[in-house]
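Understanding the architecture of this molecule
Take a look at the letters that make up each chain.
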Amino acid sequence: MVKKQRPVNLDLQTIQFPLPAIASILHRVSGVIMLVAVGILLWLLGTSLSSPEGFQQAAEIMTGFFAKFILWGILTALAYHICGGIRHMLMDFGFIDETLIVGRNSAAASMVITVILSILAGVLVW
Ligand code: HEM
């Protein structure tokens, strides 16, 4: 028999993602940011190693606010990706349970640790 009062909610603005879902999306986004970051950082390394002038140029680039902001963003993405990655691996190896409550708490923990590391990255960069 077909249940008549099935929950129907197609208003996407009222659908709330659970915290583990947000953590998962952010993990993928941070991975893609890092993929782009590898290119930027290798270019910067190549420039700095090309010649004494190249080193000077790279050092100069890194004095600008925009460049520092990009570097801070890369470090924040790296921090989140590592926290989320370790969380995933702990789950995969069975060290932490894959229940809703543990998933929610570990997602929250990885986000809090990322915020702390992001602040430290800001202190390091500026
Ligand atoms: C430059 C370095 C890295 C890049 C470019 C990178 C990139 C990515 C990307 C794009 C994904 C998403 C794959 C998907 O969702 O289909 C991913 C997933 C993953 N990364 Fe990384 N990653 C890097 C470093 C790391 C490190 C250092 C760790 C260890 C903590 C790590 C752990 C993981 C894990 C466990 C997953 C799978 C998560 C899942 O099952 O959904 N990654 N990575």
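Labelled according to an unreviewed UniProt entry, the protein chain appears under the name Succinate dehydrogenase cytochrome b556 subunit, originating from Proteus faecis. Under the UniProt heading Pathway (unreviewed entry), the note attached to the protein chain is "Carbohydrate metabolism; tricarboxylic acid cycle."

Looking at a nonpolar patch on the surface
Together, V32, L35, V36, I40, L41, F66 and I70 line one region of the surface with nonpolar side chains, adding up to about 670 Å² of accessible area. Only α1 (19-50) and α3 (65-92) provide two or more residues apiece to the nonpolar patch. Broken down by element, the residue count for the nonpolar patch peaks at 5 residues, all from α1. Looking at the element boundaries, I40 is found in helix α1.

A short note on the packing of α1 against α3
When two helices pack together, their arrangement is captured by the angle between the axes and the distance separating the axes. Between α1 and α3, the shortest axis-to-axis distance is 8 Å and the interhelical angle comes to 130°. The angle between α1 and α3 places the two elements in the oblique class. Along this stretch, α1 crosses α3, giving a crossing that reads as left-handed. Facing P20, A23, L26, H27, S30, G31, I33, M34, A37, I40 and L41 of α1, the residues of α3 in contact are I70, L71, I74, A77, L78, Y80, H81, G84, G85, R87 and H88. Here the residues of the contact of α1 with α3 sort into 14 nonpolar, 7 polar and 1 charged.

Conventions and cut-offs
Residues numbered from 1 in each chain as written. Predicted model: local features only at pLDDT ≥ 70, side-chain atom pairs only at ≥ 80, totals over all residues. Heavy atoms only, no water. UniProt positions renumbered as here; feature names shortened; annotations may be inferred. Patch = residues over 30% accessible without salt bridge, like charges linked within 9 Å, V, L, I, M, F, W, Y side chains within 5 Å. Areas by Shrake-Rupley, 256 points an atom, 1.4 Å probe, with all protein chains shown as cover. Salt bridge = Lys/Arg side-chain N within 4 Å of Asp/Glu carboxyl O. Helix = DSSP H or I, 4+ residues; strand = E, 2+ residues; numbered from the N terminus. Axes fitted to C-alpha atoms, helices over the stretch in contact; angles between N-to-C directions. Parallel < 35°, antiparallel > 145°, perpendicular 65-115°, else oblique. Left-handed = near helix turned anticlockwise from the far one by under 90°. Contact = heavy atoms within 4.5 Å. Nonpolar A, V, L, I, M, F, W, Y, C, P; charged D, E, K, R; others polar.

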